[in-house]
Amino acid sequence: MSALKETASNKSFGGYQKVFTHDSVSLKCKMTFGLYLPPNCDTKKVPVIYWLSGLTCNEQNFMTKAGAQQYASKYNVMLVMPDTSPRGVNIPGEDDSYDFGSGAGFYVDATQEPWKSHYNMYTYVTSELPEIINSNFPADPDQQSIMGHSMGGHGALISFLKNPGKYKSVSAFAAICNPMECDWGKKAFSGYLGEDKTSWAEYDATKLVSTYNGPPIDIFLDQGSNDQFLEALRPQTFVEACKEAQVPVILTMRDGYDHSYFYIATFIEEHFKHHAKFLGISPS
């Protein structure tokens, strides 16, 4: 395991918002992640919530725009905010479009050349990064949850559904719920996974929920009614699949809200409340 290098640290709501870099084994490049350490984690291990961001984002977006630190402090949980793709790996075309390559890892493990050597974000966020967090910080490995936005909402849902029991809870803002049936997903999956759609289904939450076999769960989906991408996100399709599979899901529509971080910042506290129920924690 490579050494961590701290590149930023700012006191926030009694804790510290930090940024670290490290050499990733699964991505074969230097990666950056944000980490919020709540005030009391120097005396005991604390629960961890992973946040996965959307297209074009990096570790900074949620960290600087969502206002989440105050709630992480209030509930005494650690926040981990990774980047959304490998960076600077010099694959031809990696920076050509906003929805494929850099900033658009889609939280899959690529099987196609030239992407498969570096674009293994699923392994990174579900295995390598948690191992780093649990080994270097006062994180309780038995108390972790996951959430995200848009492409990151997709990442949170599939990480949760593909690993029954690993995460205590999941929530998502404006998630890409059925990527096999939207242009973003078709472009990413064909590029990273090839044209065999059976492999696509392994990273599609709407497909995965139909075969979920694990502990009882309660999925929380959050969606703005004025989201310009609503048709592509397909939350109702996911809800229908959940009902057919008898998996509890809550879809909360927010009247007049869009796809932006203004929307996320408005409702992020409700997501902390959701995760707190499953992590067995109370606000201080």
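Up top is the structure.
So, here's what we can say about the structure. (Residues numbered from 1 in each chain as written. Predicted model: local features only at pLDDT ≥ 70, side-chain atom pairs only at ≥ 80, totals over all residues. Heavy atoms only, no water.)

Another aspect to go through is the environment of glutamate 202. Structurally, glutamate 202 can be placed in the loop between helix H6 (197–201) and helix H7 (205–208). On a C-alpha basis, the gap between glutamate 202 and glycine 93 in space is 25 Å, while along the polypeptide they are 109 residues apart. Not counting residues within four places of it along the chain, the set of residues in contact with glutamate 202 comprises Lys162 and Leu208. (Helix = DSSP H or I, 4+ residues; strand = E, 2+ residues; numbered from the N terminus. Contact = heavy atoms within 4.5 Å.)

Here we take up the packing of aromatic side chains. In this structure the tally under the stated criterion is 19 aromatic pairs. Ring centres 5.0 Å apart and planes at 55 degrees place the aromatic pair tryptophan 184 and phenylalanine 229 in the tilted group. Placement of the pair is tryptophan 184 in helix H5 (residues 183–193) and phenylalanine 229 in the loop between strand E8 (219–224) and helix H8 (230–233), with a sequence separation of 45 residues. Among the residues examined, phenylalanine 229 registers a relative accessible area of 30% and is labelled partly exposed. Their ring planes at 40 degrees and their centres at 6.3 Å tell us that tyrosine 257 and tyrosine 263 sit as a pair that is tilted. The class for tyrosine 257 is partly exposed, based on a relative accessible area of 30%. Grouped by ring-pair contacts, the aromatic residues Trp51, Phe62, Phe173, Tyr257, Tyr263 and Phe267 constitute a single cluster. Looking at arginine 254, its charged tip hangs above the ring of phenylalanine 267, at a distance of 3.9 Å from the centre. (Phe/Tyr/Trp six-rings, centres within 6.5 Å; stacked < 30°, edge-to-face > 60°. Buried < 20%, exposed > 50% of the residue type's maximum accessible area, 1.4 Å probe, protein only. Lys NZ or Arg CZ within 6 Å of the ring centre and 35° of its normal.)

In total, this model carries 7 salt bridges according to the counting rule given. The salt bridge involving glutamate 6 is made with lysine 18; its shortest N-O contact spans 3.4 Å. With a gap of 12 residues between them, glutamate 6 in strand E1 (residues 5–12) and lysine 18 in strand E2 (residues 15–24) connect regions that are remote in the sequence. Residue glutamate 6 is classed as partly exposed on the basis of its relative accessible area of 41%. Between arginine 87 and aspartate 83 there is a salt bridge, with the nearest N and O atoms lying 2.8 Å from each other. On the basis of relative accessibility, which here comes to 31%, the residue arginine 87 falls in the partly exposed class. Each of Asp222, Arg254 and Glu270 takes part in a single network of salt bridges with overlapping partners. (Salt bridge = Lys/Arg side-chain N within 4 Å of Asp/Glu carboxyl O.)

Just geometry here; none of it tells us what the structure is for.
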